[in-house]
Amino acid sequence: MTTTKKVIFSIVAVVIIAALVVGIVLLTRTNNNASAIMECSVNPDVQFVLNSDNKVIGVNVLNADGETLVANADFEGKSAEEAAKLFVELSTEAGYIKVDTTGTRVEITIYGADAESYEALKDRITERVNSYFDENGIIAGAVTTISEDLKTALTDLGVKASEVADATTEEILDLIEKTTEELKDTAVTLRNTLMATLDTIKAGYDVIMDSIQASIDSWQLQVDNLTGDAKKAAEEKLAEFQAQFDEKKAELDKEIADAIEDIKTRSEEILAQAKTQINSLIETGKEVLNNHKEAFEKDKEAIQAQIEAFRATLTEQAA
């Protein structure tokens, strides 16, 4: 085999192995686990955590308008395309997407470990969102893209890039689940406060826990290499340091849980106001939408032509 062929063979082998690793990770995710993220943006901006069946298992708001938009909505259990459609429907009814717009672009990004496996979903999402605009005579359209950069989805939630720099796909997906749970029922305006508080708490434990972990590693090495009474003595020391580590971990977990609970309590009034606000916006917006639909029926052909012309510009930009 020539050197060139060997290099090509090696590259192909690496690609195949990488694909297999990603495939194995995705296959081991259950319907209760995060497998991907769908981010919808038109200001409001919202993330939807998807399971292996592409159904919503969690919702993260990325700005104050997103918080208002989802305040009374139930997205969990819906398919990705259903959630995307409901997102634009609520955005329109609440007036974030103007019914008399001359062209509104809805950005939708699917963050997943295997881009190719989301191609069909991407098309279904775009079609479902565009069908809503078509039915209501709104000059708007979706641009759906796929990204394998799951780390970006995490940093959008306030997680530091340094925390996930060396993380595996499995670890990133687990952290997405953990962060989504931590941020549930917390106001977006208090998110920076929460993240800063958690960073401070963790920093206070880092040095001592790293020190204990170093001792655990050292005694584990001795346990692996000693025999007889010396091994038994090493096992006792290992158990001692492991108990210390577990105790500190429990203290850390409690402080984190207390901090999250405090932010959730402080968020209650803010989230209640968001519910009142979205109800008011939709009450007004539905009347505006109904009037627009009546006008659309009277001039359907011309408006449909405008929709098609605007969609063509989206296709050109995507290309």
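By convention here, each chain's residues receive numbers from 1 onward along its written sequence. Local features in a predicted model are, by the rule used here, given only for residues with pLDDT of at least 70; side-chain atom pairs are given and counted only at 80 or more, and totals for whole chains, interfaces and linings are based on all residues. Computation of side-chain values covers all heavy atoms of the structure but excludes hydrogens and water.

Caption draft 1: Up close: the pairing of strand β4 (residues 104-112). Partly exposed residues are those whose accessible area sits between 20% and 50% of the maximum for their type, while under 20% is buried and over 50% is exposed, using a 1.4 Å probe and protein chains only. Going along the chain from the N terminus, every DSSP run of H or I of four or more residues is numbered as a helix, and every run of E of two or more is numbered as a strand. For β4, the buried fraction is high: 7 of the 9 residues fall into the buried class. The pairing of strand β1 (residues 36-41) with β4 spans 6 bridges and is classified as antiparallel. Following the sheet pairing, I37 is matched in β4 by Y111. Sheet topology places β4 next to strand β5 (residues 140-147); 8 bridges connect them, and they run parallel. Paired with E107 across the two strands is V143, which belongs to β5. Criterion used throughout: strands pair if DSSP finds at least two bridges between them.

Caption draft 2: Seen up close, the pattern of salt bridges. We define a salt bridge as a side-chain nitrogen of Lys or Arg found within 4 Å of a carboxyl oxygen belonging to Asp or Glu. In total, this model carries 13 salt bridges according to the counting rule given. Between R105 and E107 there is a salt bridge, with the nearest N and O atoms lying 2.4 Å from each other. Its relative accessible area of 31% is what places E107 among the partly exposed residues. Measuring nitrogen to oxygen at the nearest pair gives 3.3 Å for the salt bridge that ties D199 to K160. With D199 in helix α7 (residues 191-225) and K160 in the loop between α5 (150-155) and α6 (169-183), this pair connects stretches of sequence that are 39 residues apart. The class for D199 is partly exposed, based on a relative accessible area of 25%. You can call K160 partly exposed: its relative accessible area is 43%.

Caption draft 3: Region of the structure containing the packing of helix α4 (residues 119-136) against helix α8 (residues 228-298). For helices, the axis comes from a line fit to the C-alpha atoms of the stretch in contact; other axes are also lines fit to C-alpha atoms, and the angle between any two N-to-C directions lies between 0 and 180 degrees. Interhelical geometry of α4 versus α8 gives an angle of 70° and a closest axis separation of 8 Å. The angle between the axes of α4 and α8 places the two elements in the roughly perpendicular class. Within the contact between the two elements, α4 uses Y132, D134, E135 and N136 and α8 uses L289, H292, K293 and F296. For this scheme, ten residues count as nonpolar: Ala, Val, Leu, Ile, Met, Phe, Trp, Tyr, Cys and Pro. Four count as charged, namely Asp, Glu, Lys and Arg, and the remainder, Gly too, count as polar. Partitioning the contact of α4 with α8 into residue classes produces 3 nonpolar, 2 polar and 3 charged. Roughly parallel refers to an angle under 35 degrees, roughly antiparallel to one over 145, roughly perpendicular to one between 65 and 115, and oblique to any angle outside these ranges. Two residues form a contact once any of their heavy atoms are found within 4.5 Å.

Caption draft 4: Structural context of the packing of aromatic side chains. When the centres of two rings from Phe, Tyr and Trp lie within 6.5 Å, Trp using its six-membered ring, the rings pair. Their planes under 30 degrees apart give stacked, over 60 give edge-to-face, and anything left gives tilted. Counted according to the given criterion, the structure contains 2 aromatic pairs. On the numbers, 4.8 Å between centres and 50° between planes, the contact of F48 with F75 is tilted. Of this pair, F48 sits in strand β2 (residues 45-50) while F75 sits in the loop between α2 (64-69) and α3 (80-93), and the two are 27 residues apart along the sequence. Taking the centre distance of 5.8 Å and the plane angle of 65° together, the rings of Y132 and F133 count as edge-to-face. Grouping residues by exposure puts Y132 and F133 together as buried.

Caption draft 5: Region of interest: the side chain of K264. Inspection of the secondary structure assignment puts K264 in helix α8. Charged residues are defined here as Lys and Arg on the positive side and Asp and Glu on the negative side; His and the ends of the chain fall outside this count. Here K264 sits buried without a salt bridge, and the closest side chain of opposite charge, E181, lies 4.8 Å off (N-O distance). Separated by 3.2 Å, the side chain of K264 and the backbone oxygen of K184 make a polar contact. Here K264 is in contact with E181, E182, K184, D185 and T186, once residues within four sequence places are set aside. Two N or O atoms form a polar contact when they lie within 3.5 Å of each other; inside protein one atom must be a possible hydrogen donor and the other a possible acceptor, and for residues adjacent in sequence the pair counts only when both atoms belong to side chains.

Caption draft 6: Geometry of unusual backbone geometry. Note the cis peptide between N43 and P44, where omega equals 25°. Among the structural elements, P44 can be located in the loop between β1 and β2. Phi at N43 is positive, roughly 50°, even though this residue is not glycine. Its relative accessible area of 39% is what places N43 among the partly exposed residues. Non-glycine residue N54 carries a positive phi angle of around 60°. Its location among the elements puts N54 in the loop between β2 and β3 (56-61).

Caption draft 7: Spatial organisation of α6. Every helix has an expected span of 1.5 Å times one less than the residues it contains. Across its 15 residues, α6 extends 21 Å between first and last C-alpha, which sits within 8% of the 21 Å expected from 1.5 Å per residue. Along α6, the residues that are buried comprise I172, L173, I176, T179, T180, E182 and L183. After α6 finishes, the residue D185 shows a positive phi value of roughly 65°.

Caption draft 8: Molecular detail of the sheet that holds β4. Pairing within the open sheet is mixed, and its 5 strands lie in the order β3-β2-β1-β4-β5. Every interior strand has two partners, whereas the edge strands, β3 and β5, have only one. Between one strand axis and the next, the sheet turns by 20° as a mean value, whatever way the strands run. Packed on one face of the sheet, α4 meets β1, β4 and β5 and runs near 165° to β5.

Caption draft 9: Main features of the layout of surface pockets. Space inside the largest pocket adds up to approximately 690 Å³. Among the elements of the structure, β3, α6 and α8 are those that each provide at least two residues to the lining of the largest pocket. Element by element, the count of residues in the lining of the largest pocket is highest for β3, at 5 residues. Residue composition of the lining of the largest pocket, by class: 10 nonpolar, 5 polar and 9 charged. Buried and open spaces are told apart on a 1 Å grid over the protein atoms alone, a cavity being a set of points where a 1.4 Å probe fits but cannot get out and a pocket being an open set with protein on both sides within 12 Å along at least five of seven lines. Residues with an atom within 4 Å of a point are the lining residues. Grid points are joined across faces, edges and corners, and a volume is the space filled by probe spheres set on the points. Each pocket or cavity is described by its volume, and for the second largest pocket that value is around 290 Å³. Along its surface, the second largest pocket is lined by 16 residues, and E163, L175, K178, E182 and K202 are the ones closest to its centre. For the lining of the second largest pocket, the elements supplying multiple residues, two or more each, are α6, α7 and α8. Across the lining of the second largest pocket, the residue classes break down as 6 nonpolar, 2 polar and 8 charged.

The analysis is restricted to geometry; functional conclusions fall outside its scope.
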